[in-house]
Amino acid sequence: MKRSTISRALQYAALAIYSAGILSSCSSQTTQAEIAEKNADVAPKELPVIEAELTDAPNVPAPITRKHAAKVVVKLEVTEVVKKMADGVDYTFWTFGGSVPGKFIRIRQNDEVEFHLMNHPDSKNPHNIDLHAVTGPGGGAASTFTAPGQETVFNFKALNPGLYVYHCATAPVGMHIANGMYGLILVEPEEGLPKVDKEFYVMQGDFYTKGDFGTPGLQPFDMQKALDENPSYVVFNGSVGALTGDNALTAKVGDNVRMFVGNGGPNLISSFHVIGEIFDKVYAEGGTTVNEHIQTTLVPAGGAAITEFKADVPGTYVLVDHSIFRAFNKGALGMLKVEGNEDKNIYSGQLVQKIYQPEGSTVQEMPQSKAPAAAFASNKEMRLELGKTLYAQNCQACHQAEGQGIKGAFPPLAKSDYLNADVNRAIGVVAHGLEGQIKVNGELYNSTMPKLKLTDEEIANVMTYVMNNWSNKGGEVTPDQVKKAKTTYKH
Ligand SMILES: [Cu+2]
């Protein structure tokens, strides 16, 4: 606040000097451009014209280094595309630029933007855009109603710095947003943002599908669930797993990491948190107020925040909406993998590990699975098919989409030596739950696997699926085998 007031005062002073004819041969181009800017009413302005670099999440365009305003041309194309929502689950997303969230737009305060909205000829619906960075009716929506195969253009001046959401505002607005029509536009302050080592684009959204979480196939939009604000999916960057496993964000120890975090909604408010980190800085609500030492920051629907922290120690840091069922059961989970040297002063790792078992400790129970009871497999092919869905619904939240697990918390099922050494013992684990220490692929786990109320048939299907994926040893598990294994491995 203070800095920009000072810089503005300096500009006005420069302007006064310029007008008085004292500063006749101004040496810096920057100052001249800024003066031309402030002098807009008097002299016609000649801003340099630049085409904006647009990026797909999690990438962010390069920081702006120019010290003057520009005329920035933004060309954004709307497409309606079928893409992955989760493994085996597809959805028809409506997008600004081909993916969810829409392209990241980066401009500078006082830039003049010439905004082009193109709607692909193959689209089935008209669309428009409301940019929260725009001062004017509808944030641009009033000027950009665009039918398939059409293009509209309007200009705006970026008066306020900050991180802003943009979204479609065509009726039914809720449905356009629910289908993924949102993204972020950053208006850098004139003095720029402090330099950091890594910048990422992360945007949350809630999705409403006819089938519940994990139900395979192309899923249609469910208006009733949207009205009830009861999403089947809550995800970062448009799909379950968009930021996990091979798609995880990466950084090195010592990096200052900045995340531009947005929330498209349409309904939910995000309690954005990174497990194992503290935000050194949060630009609250994407504005200029900086809060320090924040654990969880609230990102409203249609709002944003800029978070920053230094990656002090290596490890996998998990991005979540801390409304935690959304993270572990609806997809709102991402990862930042930090590589580099340990610092035992900051984090020691486990120092002690021993049995603590007071009386009466029991294995937890989980509610009944939602798999259709009628599903019955008569051969291995069907088992694999049904098992895949059962896995997505009952196991994936912990053991992860590719069975890779989460180090230190959930053991891998992929290439698991524990599993492959004795399938019947593993069936016992699925049937009865498990607590106490086990070693999987050289790593110790001492946690609790809940008892899942699955039928023998369901266990046979899910175990067949697990055994035939991720480099496990294959084979078919039958309900009869489950029945026997359950009694052999009872604890
Ligand atoms: Cu739209």
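Residues numbered from 1 in each chain as written. Predicted model: local features only at pLDDT ≥ 70, side-chain atom pairs only at ≥ 80, totals over all residues. Heavy atoms only, no water.

Draft legend 1. Summary view of the pairing of strand β3 (residues 89-96). Here β3 lies mainly inside the structure; six of its eight residues are buried. Where strand β2 (residues 71-86) lies against β3, eight bridges are found, and the strand directions are antiparallel. The partner of threonine 79 across the bridge, within β3, is threonine 95. In this antiparallel pair of consecutive strands, β2 and β3, the connection spans two residues, and glycine 88 shows a positive phi of 80°. Relative to strand β11 (residues 217-218), β3 runs parallel, the two sharing two bridges. Within β11, the position partnered with aspartate 90 by the bridge is leucine 218. (Buried < 20%, exposed > 50% of the residue type's maximum accessible area, 1.4 Å probe, protein only. Helix = DSSP H or I, 4+ residues; strand = E, 2+ residues; numbered from the N terminus. Pairing = 2+ DSSP bridges.)

Draft legend 2. Seen up close, the coordination of the copper ion. Taken together, the protein ligands of the copper ion are His127 (ND1), Cys168 (SG), His176 (ND1) and Met181 (SD), with distances of 2.0 to 2.5 Å. Classification of the site at the copper ion rests on its four donor atoms, whose angles at the metal span 87 to 137°, yielding the label irregular. The exposure class assigned to cysteine 168 is buried, which follows from its relative accessible area of 0%. (Donors = N, O, S within 2.8 Å, 3.2 Å for Na, K, Ca; no water. Tetrahedral: all angles 85-135°; square planar, octahedral: opposite > 155°, others 65-115°.)

Draft legend 3. Layout of the pattern of salt bridges. Evaluated as defined, the whole model comprises 16 salt bridges. With a shortest N-O distance of 3.0 Å, lysine 84 and aspartate 87 are connected by a salt bridge. For lysine 84, a relative accessible area of 45% gives the class partly exposed. Measuring nitrogen to oxygen at the nearest pair gives 3.8 Å for the salt bridge that ties lysine 310 to aspartate 312. (Salt bridge = Lys/Arg side-chain N within 4 Å of Asp/Glu carboxyl O.)

Draft legend 4. Geometry of helix α6 (residues 380-394). Given a rise of 1.5 Å per residue, 15 residues ought to cover 21 Å, and the 20 Å separating the end C-alpha atoms of α6 matches this to within 8%. Inspection of α6 places Arg383, Gly387, Thr389, Leu390, Tyr391, Ala392 and Asn394 among the buried residues, and these make up the whole buried set. Contacts made by the buried residues of α6 are with α7 (396-399), α10 (456-467) and α11 (479-488). For α6, the N-terminal capping position is held by asparagine 379, with its side-chain oxygen 3.2 Å away from the main-chain nitrogen of glutamate 381. (Expected span 1.5 Å × (residues − 1). Contact = heavy atoms within 4.5 Å. Polar contact = N/O pair within 3.5 Å; in protein donor to acceptor, adjacent residues only side chain to side chain.)

Draft legend 5. A look at the sheet that holds strand β9 (residues 182-188). One open sheet holds the four strands; their spatial order is β4-β9-β8-β6, and the pairing between them is mixed. Both edges of this open sheet fall to β4 (105-108) and β6 (130-131), since each of them pairs with a single strand only. Of the pairings in the sheet, the one linking strand β8 (residues 162-167) to β9 comprises six bridges and is antiparallel in character. Across the sheet, tyrosine 166 pairs through a bridge with glycine 183, a residue of β9.

Draft legend 6. Representation of the nonpolar core within the structure. Counting residues in each nonpolar core, the largest one holds 31 residues, and the members touching the most others are Tyr391, Ile427, Ile459, Met463, Trp470 and Val477. No other element matches the seven residues that α10 contributes to this core. Here valine 477 is in contact with Arg383, Val423, Ile427, Ala460, Met463, Thr464 and Val482, once residues within four sequence places are set aside. By size, the runner-up hydrophobic cluster in this structure holds 30 residues, among which are Val100, Ala226, Val240 and Phe260. (Core = buried A, V, L, I, M, F, W, Y, C linked by side-chain atoms within 4.5 Å.)

Draft legend 7. Main features of the sheet that holds strand β12 (residues 233-236). Here six strands make up an open sheet; going across it, the order is β12-β10-β14-β19-β16-β17 and the pairing mixed. Among the strands making up the open sheet, the edge pair consists of β12 and β17 (290-294). Strand-to-strand, the axes of this sheet are offset by a mean angle of 20°, without reference to chain direction. Of the strand pairs in this sheet, strand β10 (residues 198-207) and strand β14 (residues 256-265) are connected by eight bridges, and their pairing is parallel. Paired with glycine 205 across the bridge in β14 is glycine 265. (Axes fitted to C-alpha atoms, helices over the stretch in contact; angles between N-to-C directions.)

These values are about where atoms sit, not about what they do.
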